[in-house]
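# Coordinate analysis (summary)
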Amino acid sequence: VQLQASGGGLVQAGGSLRLSCAASGVTFSSYVMGWHRQAPGKQRELVATITSGGTTNYADSMKDRFTISRDNAKNTVYLQMNTLIPEDTAVYYCAARRPFTPSDKWPYWGQGTLVTVSS
């Protein structure tokens, strides 16, 4: 399983970015996909998840600003991030897990993409 994240960069506070994660070597449409992030000096945290059927779940602090989506035909999951704040600065990772597996166990990870939000 390979996950390739992209789309990170430097953006001013209040701006937007869309992250993408392309998957290969997996039956993408059946997997639960997630975005996680790790800010400097902090533990990695879950940002959002999306099931094969499109059911989404978000961390409370991000649910009004971030949107996760997937395109099964392209084997890609996206994270649209709006109204970015400096506290969103982090390395963002996409991850995958099989359905009906523990929600805190993500066996497959991408390499991460850095998002930097300037004030």
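None of the values given here were measured: they were computed from a predicted structure.

What counts as what
- Residues numbered from 1 in each chain as written.
- Predicted model: local features only at pLDDT ≥ 70, side-chain atom pairs only at ≥ 80, totals over all residues.
- Heavy atoms only, no water.
- Helix = DSSP H or I, 4+ residues; strand = E, 2+ residues; numbered from the N terminus.
- Rg over C-alpha atoms; globule rule 2.2 N^0.38 Å.
- Buried < 20%, exposed > 50% of the residue type's maximum accessible area, 1.4 Å probe, protein only.
- Contact = heavy atoms within 4.5 Å.
- Core = buried A, V, L, I, M, F, W, Y, C linked by side-chain atoms within 4.5 Å.
- Disulfide = S-S within 2.5 Å.
- Polar contact = N/O pair within 3.5 Å; in protein donor to acceptor, adjacent residues only side chain to side chain.

### Quick notes on the overall build of the protein
- Within the protein, the secondary structure is distributed over zero helices and eleven strands.
- Of the regular secondary structure in the protein, the N- to C-terminal order runs β-β-β-β-β-β-β-β-β-β-β.
- Over its C-alpha trace the protein gives a radius of gyration of 13 Å, about what one expects of a compact globule, namely 14 Å for 119 residues.
- Overall, the protein is about 40 × 25 × 25 Å in size when its C-alpha atoms are taken along their principal axes.
- Residue burial in the protein is summarised as follows: out of 119 residues, 44% are buried.
- Considering only contacts within the protein whose residues lie at least 6 apart along the sequence, 55% involve residues at least 24 apart.

### Quick notes on the nonpolar core
- Counting 32 residues, the largest nonpolar core has Trp35, Leu79, Met81 and Tyr92 as its most contacted members.
- Contributions of two or more residues to this core are made by strand E1 (2-6), strand E3 (17-24), strand E4 (32-38), strand E5 (45-50), strand E7 (66-71), strand E8 (76-81), strand E9 (90-97) and strand E11 (113-118).
- Discounting chain neighbours no more than four positions away, the residues touching Leu79 are Leu17, Arg18, Leu19, Trp35, Val47, Ala48, Phe66, Thr67, Ile68 and Tyr92.

### Section: the state of the cysteines
- Inspection of every chain in the model, using the stated rule, returns one disulfide.
- Residue pairing for Cys21: its cysteine sulfur links by disulfide to Cys94, the two sulfurs lying 2.0 Å apart. Sign of the S-S torsion, about 55° for the bond between Cys21 and Cys94, identifies this disulfide as right-handed. Taken together, the positions of Cys21 in strand E3 and Cys94 in strand E9 put the pair 73 residues apart, joining distant regions of the chain. Take Cys21 and Cys94: they sit in the same class, and that class is buried.

### Some points on the environment of Gln38
- Mapped onto the secondary structure, Gln38 falls in strand E4.
- Residue classification places Gln38 among the partly exposed positions, given a relative accessible area of 32%.
- In this structure, the C-alpha to C-alpha distance between Gln38 and Ala90, residues 52 residues apart in sequence, is 5.2 Å.
- A distance of 3.1 Å separates a polar side-chain atom of Gln38 from the backbone oxygen of Lys42.

### Quick word on unusual backbone geometry
- Despite not being glycine, Thr83 shows a phi value in the positive range, around 50°.
- As for its placement among the helices and strands, Thr83 is situated in the loop between E8 and E9.
- At Phe100, a position not held by glycine, the phi torsion is positive, near 65°.
- Structurally, Phe100 can be placed in the loop between E9 and strand E10 (108-109).

### Some words on the side chain of Asp88
- In this fold, Asp88 is placed in the loop between E8 and E9.
- A distance of 2.7 Å separates the side chain of Asp88 from the side chain of Arg65, its partner in a polar contact.
- Discounting residues that sit within four places of it in the chain, Asp88 has contacts with Arg37, Arg65, Phe66, Thr83, Val115 and Val117.

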